[in-house]
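Survey of secondary and tertiary structure
Spelled out, the chains give:
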Amino acid sequence: MGAQLRVYKRRIQAVTATKKITKAMEMIAASRIVKAQRKVAASKPYATELTRAVTAVATGSNAKHPLTTEVEAPTRAAVLLVTSDRGLAGGYSSNAIKAAERLRESLASEGKEVDTYIVGRKGVAYYGFRERKVENSWTGFTDNPAYADAKRIAAPLIEAIQQDTAEGGVDELHIVFTEFVSMMTQNAVDDRMLPLSLDEVAKESTRKGEILPLFDFEPSAEDVLDALLPRYVESRIYNALLQAAASEHAARRRAMKSATDNAGDLIKSLSRLANAARQAEITQEISEIVGGASALADATAGSDK
């Protein structure tokens, strides 16, 4: 019994230490969510107005630009997958990877080749383990991305879509990331960034009762698009990185809270088992004492006769 009691006590100590770690990680993630949410809210107006400006240039000038013009028979697409650098965030990265796999299958069914670009060590490890080709990858900043990171990611993607497919370019640019809805809800989504769907933007503006303004462009609408579209891609990627970071912190907080609660339940269960083992040990000791006393009394009574 004593050995069993020691085992329970060691397990309780180990689980208690783990609980302290998961509780600390929960509190750290909770503190970082607020900062990440503020960044997301600050980036949305810029991304929205930039999209409106690009749409106004493309629709108001009838300019034919390769980044806003649909290809008649697209054959190649680039997919940017955003995952996390660290684990302990529940199904955050796996959900994004599953969404990227569904998108990949959908594009393949349309007869398109897919070039994969990855943000985050989890995505890189997933594709590396399966020996799948990755065009480019970036790691080390998923929990706190900066605009400079978005620019580094956007550069090869813009270069790829500006090239002809025969030279290794792509016709479409998609991004898969985790959209932050609330503290309890984060959804893995895929979105086509380029070519920009002008009809969808126009319908969204109409639904909101907005009217796109008309502009005169100097020196030309094409030159304006050349200047705006890189900024557009960078802003979309930056907003996606920020939403993914907020989602990662929320998922980690939820996972660590669940781990902390489970550790607390396990400690209670082990404490009950330890108490039962201790009670059995005491009962056994009392029984041995009573049995010894009875045996001594019987021996004494026999000697008196």
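Shown above is the structure to which this text applies.
Residues numbered from 1 in each chain as written. Predicted model: local features only at pLDDT ≥ 70, side-chain atom pairs only at ≥ 80, totals over all residues. Heavy atoms only, no water.

A surface patch of nonpolar side chains, amounting to about 240 Å² of accessible area, comprises Ile282, Ile286 and Val290. Inspection of the secondary structure puts Ile282 in helix H6 (residues 221-304). You can call Ile282 partly exposed: its relative accessible area is 34%. (Patch = residues over 30% accessible without salt bridge, like charges linked within 9 Å, V, L, I, M, F, W, Y side chains within 5 Å. Areas by Shrake-Rupley, 256 points an atom, 1.4 Å probe, with all protein chains shown as cover. Salt bridge = Lys/Arg side-chain N within 4 Å of Asp/Glu carboxyl O. Helix = DSSP H or I, 4+ residues; strand = E, 2+ residues; numbered from the N terminus. Buried < 20%, exposed > 50% of the residue type's maximum accessible area, 1.4 Å probe, protein only.)

What follows covers the pairing of strand E1 (residues 76-82). Among the seven residues of E1, seven are classified as buried, and the element is accordingly described as predominantly covered. Residues Arg76, Ala78, Leu80 and Val82 point to one face of E1 and Ala77, Val79 and Leu81 to the other, with burial holding for every one of them. Examined bridge by bridge, E1 and strand E2 (residues 113-119) share seven bridges and lie parallel to one another. Residue pairing for E2: Val79 is matched across the bridge by Thr116. Crossover E1 to E2 through helix H2 (residues 92-109) is right-handed. (Pairing = 2+ DSSP bridges. Right-handed = clockwise from strand over helix to strand, strands pointing away.)

A complete count under the given rule lists 14 salt bridges for this structure. Where Lys112 meets Glu172, a salt bridge forms, and the shortest distance between an N and an O atom there is 2.8 Å. In this pair, Lys112 sits in the loop between H2 and E2 while Glu172 sits in strand E4 (residues 172-180), placing the two residues 60 residues apart along the sequence. Exposure class is identical for Lys112 and Glu172. Each is buried. Overlapping salt bridges bring together Arg76, Glu113 and Asp115 as one network.

A few words now on the pairing of E4. Most of E4 is tucked away: eight of the nine residues are buried. Connecting the antiparallel pair E4 and strand E5 (residues 186-194) is a turn made up of five residues.

In spatial order, the strands read E3-E2-E1-E4-E5; together these five strands make up an open sheet with mixed pairing. Each end of this open sheet is capped by a strand with a single partner; those strands are strand E3 (136-138) and E5. Taking each pair of neighbouring strands and ignoring which way they run, the sheet shows an average axis angle of 20°. Along the sheet, helix H3 (residues 121-129) makes contact with E1, E2 and E3, crossing E2 at roughly 135°. Most of the contacts of helix H4 (residues 147-162) go to E3, to which it runs at about 160°, and overall it touches E1, E2, E3, E4 and E5. (Axes fitted to C-alpha atoms, helices over the stretch in contact; angles between N-to-C directions. Contact = heavy atoms within 4.5 Å.)

For the rest of this paragraph, the subject is unusual backbone geometry. The linkage connecting Leu194 with the following residue, Pro195, adopts the cis geometry, with an omega of -5°. Along the chain, Pro195 turns up in the loop between E5 and helix H5 (198-207). Unusually for a residue other than glycine, Glu131 sits at a positive phi of about 55°. Tracing the sequence through the fold places Glu131 in the loop between H3 and E3. The class of Glu131 is exposed, set by a relative accessible area of 74%.

It is worth spelling out the nonpolar core at this point. Formed by 46 residues in total, the largest nonpolar core has its most connected members in Leu80, Ile153 and Ile237. Listed by contribution, the elements that provide at least two residues to this core are helix H1 (2-60), E1, E2, H4, E4, E5 and H6. It is H6 that contributes the most residues to this core, 15 residues altogether. Dropping the residues within four chain positions of it, Leu80 is found in contact with Tyr117, Ile118, Val119, Trp138, Ile153, Leu157, His174, Ile175, Val176 and Ile237. One finds Val79, Ala99, Ala100 and Val176 within the second-largest nonpolar core, a separate group that totals 13 residues. (Core = buried A, V, L, I, M, F, W, Y, C linked by side-chain atoms within 4.5 Å.)

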